[in-house]
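Results of the structural survey
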Amino acid sequence: MVNYSRPDRDKPATPPPPPPPAAGPPPSYSRPAAAGGAPVNLSKVTLTKASPTVSLTKQGSATGQVRVNLNWNARPSGGGGGGMMGKLLGGGGGAQSLDLDLGCLYELNDGDKGVIQALGRSFGDLNRPPFIMLDGDDRSGSSVGGENLLINLNHLAAIRRILVFAYIYEGAPSWDKAQGVVTLYPASGPEIEIRLDENAGGARFCAIAMFENHGGELSLRREVRYINGSQKDVDAAYGWGMRWSGARK
């Protein structure tokens, strides 16, 4: 694995949890009305090959903090044997744990570029550039919360583009067995889901989705592009143009 060759930053403190809801009747499955009193569409948006793009600005989701969550099946079941399945299961009865990592490449409007990932402890910062933070590293996949990338869209004017990616750090590269799901939770508007469940022929990296700011309008485009290689190859595929060096967690 490789890491972007810039000075490490100390891991910032985990942001405080949101305040508890106000006392009152049991909550219903709804969100507060959007600005202007218009009700929010609560249906989940699933981005697919046939429908890959959504405007976060038009659906009222381009402000506040958005959480990008990755969850996956850490111990796929199945029989032993040879080949990839045998490797996945350690050649015997117990499944080998899969460790997936979430991260992103970012580019700001002032030209600054970088990576947010557990490798190299490049956890970012939510309140200073790049206004993106990885909240931790789930090594086992057993965490109910999975891994989370937080983006502060209150600083949207500073952001040009963000490419969210995931990679299989440990375990056999088998995205169809990992059954990864990426869910975006914006401050308002519907959740957005992208599934990572294809047979990718042994590729360890998946470019998941691209945030792009075009003149103040923020869009999200599904990529789900499986890439053989490392972060350097993801960089090359999307023309980021950074220098990379080896790193481990």
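Everything in this summary refers to the structure shown in the same document. (Residues numbered from 1 in each chain as written. Predicted model: local features only at pLDDT ≥ 70, side-chain atom pairs only at ≥ 80, totals over all residues. Heavy atoms only, no water.)

On to the overall build of the protein chain, then. Along the backbone of the protein chain there are 3 helices and 15 strands. Taken over 249 residues, the protein chain has a buried fraction of 48%. Taking as baseline every contact in the protein chain between residues at least 6 positions apart, the subset at least 24 positions apart corresponds to 70%. (Helix = DSSP H or I, 4+ residues; strand = E, 2+ residues; numbered from the N terminus. Buried < 20%, exposed > 50% of the residue type's maximum accessible area, 1.4 Å probe, protein only. Contact = heavy atoms within 4.5 Å.)

Turning our attention to the environment of Leu126. Mapped onto the secondary structure, Leu126 falls in the loop between strand 7 (124–125) and strand 8 (132–134). Spatially, the C-alpha atom of Leu126 lies 9.9 Å from that of Leu149, the residues being 23 residues apart in sequence. If near-sequence neighbours (up to four positions away) are discounted, Leu126 is found in contact with Gln65, Phe131, Ile132, Met133, Leu150, Ile151 and Asn152.

Considering all chains together, one arrives at 10 salt bridges under this definition. For Lys44, the salt bridge goes to Glu193, with nearest N and O atoms at 3.4 Å. Here Lys44 is found in the loop between strand 1 (2–4) and strand 2 (45–46), whereas its partner Glu193 is found in strand 12 (residues 192–196), with 149 residues between them in sequence. Note on Lys44: relative accessible area 45%, which makes it partly exposed. Classification of Glu193 as buried rests on a relative accessible area of 11%. (Salt bridge = Lys/Arg side-chain N within 4 Å of Asp/Glu carboxyl O.)

Strand order in the open sheet made by the 6 strands is 3-14-13-10-5-6, with antiparallel pairing throughout. Of all strands in the sheet, those bounded by a partner on one side alone are strand 3 (53–55) and strand 6 (113–116). Adjacent strand axes in the sheet meet at a mean angle of 20°, parallel and antiparallel pairs treated alike. The pairing of strand 3 with strand 14 (residues 217–227) spans 3 bridges and is classified as antiparallel. Each bridged residue has a counterpart across the sheet, and for Val54 the counterpart in strand 14 is Leu220. Most of the contacts of helix 3 (residues 231–238) go to strand 14, to which it runs at about 125°, and overall it touches strand 5 (99–108), strand 10 (159–170), strand 13 (205–214) and strand 14. (Pairing = 2+ DSSP bridges. Axes fitted to C-alpha atoms, helices over the stretch in contact; angles between N-to-C directions.)

So, on to the sheet that holds strand 7. The strands making up a sheet are joined through hydrogen bonds of the backbone, oriented either antiparallel or parallel. Ordered in space as 2-12-11-4-9-8-7, the 7 strands form an open sheet in which the pairing is mixed. One side of each edge strand has no neighbouring strand; the edge strands of this open sheet are strand 2 and strand 7. Taken together, the 5 bridges between strand 4 (residues 65–71) and strand 11 (residues 180–185) define a ladder with antiparallel strand orientation. Opposite Asn69, over in strand 11, you have Thr183 as the bridge partner.

A complete count under the given rule lists 4 aromatic pairs for this structure. Aromatic side chains Tyr167 and Phe205 sit 4.8 Å apart centroid to centroid with 20° between the ring planes, which places their arrangement in the stacked category. With Tyr167 in strand 10 and Phe205 in strand 13, the pair connects residues that are 38 residues apart, well separated along the chain. With a relative accessible area of 0%, Tyr167 lands in the buried category. (Phe/Tyr/Trp six-rings, centres within 6.5 Å; stacked < 30°, edge-to-face > 60°.)

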